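Remarks on the overall topology
Chain by chain, the residues:
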Amino acid sequence: AIIKHGKSEYILHDIYLPEYMTYADKLKISLEIRSYNPNTDIVTKNSCTKWFDCDKMKDKMALRRPQANDYYFIGDHRRKKVSRYMIDEKIPRQYRNRIFVFAEGENVLYIVGGRAGNGCYVDESSKNILVINIMKM
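Residues numbered from 1 in each chain as written. Predicted model: local features only at pLDDT ≥ 70, side-chain atom pairs only at ≥ 80, totals over all residues. Heavy atoms only, no water.

1. Notes on the side chain of Asp53
- Looking at the element boundaries, Asp53 is found in strand S3 (residues 49–53).
- Those residues in contact with Asp53 that lie beyond four places of it in its chain are Cys120, Tyr121, Val122, Asp123, Ser126 and Asn128. (Helix = DSSP H or I, 4+ residues; strand = E, 2+ residues; numbered from the N terminus. Contact = heavy atoms within 4.5 Å.)

What follows is the structure, given as structure tokens:
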């Protein structure tokens with residue numbers, strides 16, 4: 001699925017949530033692209049809601065399963081392969097193909113229910129943001 005402007009909702013089936021170390025039969029993901037004011041908007045920091053700066057995105061973002069060469073940014077410019085993340089987080093092999101990611105090409109911005117990459121964090125200069133909210137059903 002390619003992410004569009006405005007509000008969207010997706011229902012995912014058969015998904016593993018790494019941060020919770022749990023499997024979900026059904027997961028609802030809501031997306032909203034909106035303007036951001038750093039003086040009045042407070043970035044929510046929890047495992048169910050992630051905020052991203054749309055203006056830092058270089059390509060269209062897609063919701064999909066991880067692929068072999070996928071990576072995410074840690075720190076300022078270091079990259080880590082998603083496959084290495086799965087090993088480091090001790091995600092059981094039988095669940096590794098049940099993970100979803102939001103990615104621009106091979107650059108993963110968010111492992112659903114897990115790690116968000118540093119590439120598109122919201123900061124004082126952000127104007128347009130993407131808010132991703134996940135909810136187990």
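2. Details of the side chain of Arg64
- Mapping Arg64 onto the fold places it in strand S4 (residues 62–64).
- Since its relative accessible area comes to 15%, Arg64 is described here as buried.
- Looking at Arg64, its side chain comes within polar contact range of the main-chain oxygen of Gly105, at 2.6 Å.
- What Arg64 contacts, discounting residues up to four positions off in sequence, is Asp70, Ile99, Phe100, Val101, Ala103, Gly105 and Glu106. (Buried < 20%, exposed > 50% of the residue type's maximum accessible area, 1.4 Å probe, protein only. Polar contact = N/O pair within 3.5 Å; in protein donor to acceptor, adjacent residues only side chain to side chain.)

3. Regarding the packing of aromatic side chains
- Under the defined criterion, the tally for this structure stands at 7 aromatic pairs.
- Note on Tyr16 and Tyr95: the rings are 4.7 Å apart at their centroids and 10 degrees apart in plane angle, and the pair reads as stacked. Here Tyr95 lies in helix H2 (residues 93–96) and Tyr16 lies in strand S1 (residues 7–17), a separation of 79 residues in the sequence.
- Among the aromatic residues, those joined into a cluster by ring pairs are Tyr16, Tyr23 and Tyr95.
- Just above the ring of Tyr71 sits the side chain of Arg79; from NZ or CZ to the centre is 3.9 Å. (Phe/Tyr/Trp six-rings, centres within 6.5 Å; stacked < 30°, edge-to-face > 60°. Lys NZ or Arg CZ within 6 Å of the ring centre and 35° of its normal.)

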